[in-house]
Each structure stands twice: as structure tokens, then as C-alpha cells.
Amino acid sequence: MGSYVISVSVGTGCYRHIQISKSATLYRLHEAILEAFEFVDDHAHAFFMDNKTWSQYDAYYSMKMDGSERLTKGRKLEKLNLKKGSQFKYVFDFGEEWRFQCKVLRELEEDTKMPLVIRSVGESPEQYPEWEEYEEDEDEDDIPDSLTQEEIDKLYAQIPLSREEISLIHLYMDAAANLYGLISLDELYGLYNSQNKKVDVPSFLMTAFFIDQSEDNDFAVIDSVGNLQITPEEAMKNCEIVSDYLFVEDPEKDIRELRRAQKGKPLKILPKAEFLQFADSTYFPETPQRSAMIRYLRKLTSSLPASAEEYCDCIQSVIVIDAPLQEVLNLMKGDGVTNHKNWDLEEFAALYQNLNNHTHKHANRGNTLDELFAQSPRGLQLQQRLAPEDQLSFFEEQPEKPKLTIAGAPSRNGPCPCGSGRKYKNCCGKGK
């Protein structure tokens, strides 16, 4: 049967890795989550499998409220098309609204009778804190985890910026987390000021911390040094926006490795309108390479768990974090895609390589491999040698190889006349 390892996090720096059987229900996962975080099961709960809280597209509830909801007791995990990288939301206690982010880390062949917590990081939050004691000990500058609208309005009033400016800074933070994975507040501040009305350092810093503490984001602002006795300018250099996927397994190690991979590489700067499109975590620019991959995936539609466009999104999400091709192949094998009659490893690998070279990566500070190579000494040398029409990609063969000319009918086992380098029976002669 097998099992899943699911990371469940609440807030920043507090998460549990739970191993649970694929035959278990969502209700059993609910029980395992509460046990892992030492919560009392005394309220309703829900799972939102499309990873959007309160979306009704693919939601499961603990009880029926208007007669149409699907129940968590009746849905097994194995029926949810979960795979490595799948993310979904779990909400407990609709009054307090405890929100937990869930992500499938891996699939295991071994089954487990009882859910196991195999990794635990951070202290569990108090389900019912003693509010009087909390208020007495609370520092006036601290922002509580849950804010009323009145408290949010008061915090807004302390920031010397308009609501529109605060919302725009939030969009910049979202886009930066998705495009770069990791970036210092100082660099984002410079980018923001170069494209908008200038904001002073203290106001930008205050706004960034306010957004981080009061919003349900896909990123966190961390202090890489931990020194609080510094100026706002120094704090901007020390603080970083970090994409939330880096907090799943080993945050300290993964963040350190991403910093090392980014070192010395130029930051990708896009025009404002183009940059802000990355505020949507599902956005990928339309490129010839992406279109070619989607066309290929459409030939495998009957085996795909989603549309060709959505499955291409999934592939590029893995490319963005610089995962190896084998990880993508394992994902497709698990989905049964590689069993389709139209599956061709050689063709897919070639399309994948082109897509890989033209996808913005976190390790490359938002640059594609093609863009980085173009800025290298070798790339600059090629730019001087090649005609403009031949500079579409430095990873493609330049110039194009001449096509073969073969007299008479081509041999099935001979080279294809189109010049692809493949046998005629595996290329233009396929099916003939």
C-alpha cells in the first residue's frame, strides 16, 4: 500500500513531518495533526486540497453544513492524487481558524499502521492561551499571531504610507519570493524605489515586518544575523525574504545552500508590470519552450492527472527549485504518464532540457540558464561572432545542421531525411 510523509506547519519555524498510510482517511490525518501539535479535538475542521483556504473547488469537511460537503471520514489519501510536492490547507476550529500548511515531502513503499511523527521542529502554539497572563507579559511592540480588524487598522495607522503603497509593497514581496526564492530586503527596497515613488528606509522596513506578521503569506522575513541593536539600514541588509518551501525539511541547511548557489550571480531585474506577474505563485511566462512542452503533454492527456498546462506548471515548479530531471521522471512515473503509448523519453528529455534552460530559477537569482550563459565570457564571445538571428539560445546548436538528402525511399533503419539524427522509423516514418 505504501505511505506518505507530509510536512504540516503552523506559522514560521514550527512544523511536524508525519508519516501516514496511503489507506488512511483525511479524518485520520486530521487526528494525527492535532496529536502532533498537542491540540484538543473539540471543533470542526476542513481540508482544502486546491491549497486555497475556504475554496469550495476541492474541499472536505468534518460535518455537513448545507448538505453538499464531502466528508473527511469518507475520503482516503490514496484517492486524492497526492504526489511529492502536493500542497493543501488544513483549517481547525472555524472560530479561532487555526490554519496549517500541508505538503507531501515523499512517498514510501513501506506502509505504517499508525501515523508517526518522524520530525518535530518548534514549540507547538497554545490552543487556548491564558489571555490575562499573555497581555501582562506582552511587549508593546510585539504583534500577536491573530489580529482583529480594529488592531490591523491601528497598525496601518502607524505606517506613514497609504494603503495602496502598502499593498504594492506586499505584491513586490510576493513576486520576489516566487522569482528569487531568497532576497535581502535591501535589494528589494532598491528595486521597489527604482520603479515607484521613493519610500524611506524605516517606512519600508516597518511595512515589510507588518506584512510578514499580519498576513497569510507564502514567504517569511527572517533576520540572517540576529542582531537587534542595529540601524534600519543595517537591518535591511540582514533581513531576507525567504520562500516558504525552504522551511519544509531542513530550513537552516536549505537556506544556506540557496545562498551559496546564488553567490556572485546578478539579480534578474524585470520591468514592473512583468515582475509583478510573479506575485501569482502559479505564473510562468509563455515561451516557445513552454508551448512546445504543453503540445507534447497534450499527446499524453489520458494519463495526466491534470490538464497539459497545469502539468507543465508542475514540471516548471520543480525546475524553479533546481531539482534534477530524475525527480521529474519519478513524478511522471508515479502518475502513470510514462506508460502512455505516446510517451517517448528521448523526445521528452529534449523538450525538458529546453524548458529547463528557459525557466527562471531561484539558484540563478531569477535568471534562466540561457540568460546566465549569455552574460558569461564565453556567451559574450559568441554574441560577437553570431548574427542576431542566431542568438535565440546559446544552448541550442548554432547554426542549424544541414538536412540530409537521401535518394529514393528512405530505409526504416536508416537516418531520417529530415536531419533529426534519429532513425526514419522513429521519426518521420513513425506509423508508416
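Before reading on, note that the structure itself is shown above.
Residues numbered from 1 in each chain as written. Predicted model: local features only at pLDDT ≥ 70, side-chain atom pairs only at ≥ 80, totals over all residues. Heavy atoms only, no water.

Quick look at the packing of aromatic side chains
When we look at a pair of aromatic rings, we describe it by the centre distance and by the angle of the planes. Here the structure, examined in full by the defined rule, presents 21 aromatic pairs. Where F39 meets F100, the ring centres are 6.1 Å apart and the plane angle is 75 degrees; that geometry is what we call edge-to-face. Separated by 61 residues along the polypeptide, F39 in the loop between α1 (26-36) and β3 (45-48) and F100 in strand β7 (residues 98-108) bring together distant segments of the chain. Owing to a relative accessible area of 8%, F39 belongs among the buried residues under this scheme. By relative accessible area, F100 is classed as buried at 1%. With a centroid separation of 5.2 Å and 80 degrees between ring planes, the pair formed by W54 and F94 is classed as edge-to-face. Of this pair, W54 sits in the loop between β3 and β4 (59-61) while F94 sits in the loop between β6 (87-92) and β7, and the two are 40 residues apart along the sequence. (Phe/Tyr/Trp six-rings, centres within 6.5 Å; stacked < 30°, edge-to-face > 60°. Helix = DSSP H or I, 4+ residues; strand = E, 2+ residues; numbered from the N terminus. Buried < 20%, exposed > 50% of the residue type's maximum accessible area, 1.4 Å probe, protein only.)

Things to note about the side chain of Q316
Along the polypeptide, Q316 turns up in helix α11 (residues 308-320). By relative accessible area, which is 3% here, Q316 ends up buried. Beyond its immediate chain neighbours, meaning those up to four positions away, Q316 contacts F284, R290, L355 and T359. (Contact = heavy atoms within 4.5 Å.)

Some thoughts on the pairing of strand β11 (residues 239-243)
The buried fraction of β11 is high, at five of five residues. Burial along β11 is two-sided: C239, I241 and S243 and E240 and V242, pointing in opposite directions, are all buried. The pairing of strand β9 (residues 182-184) with β11 spans three bridges and is classified as antiparallel. When the sheet's bridge partners are listed, I183 is paired in β11 with I241. Bridging between strand β10 (residues 219-223) and β11 involves five bridges; their strand directions are antiparallel. Across the sheet, residue F219 finds its bridge partner in β11, namely S243. (Pairing = 2+ DSSP bridges.)

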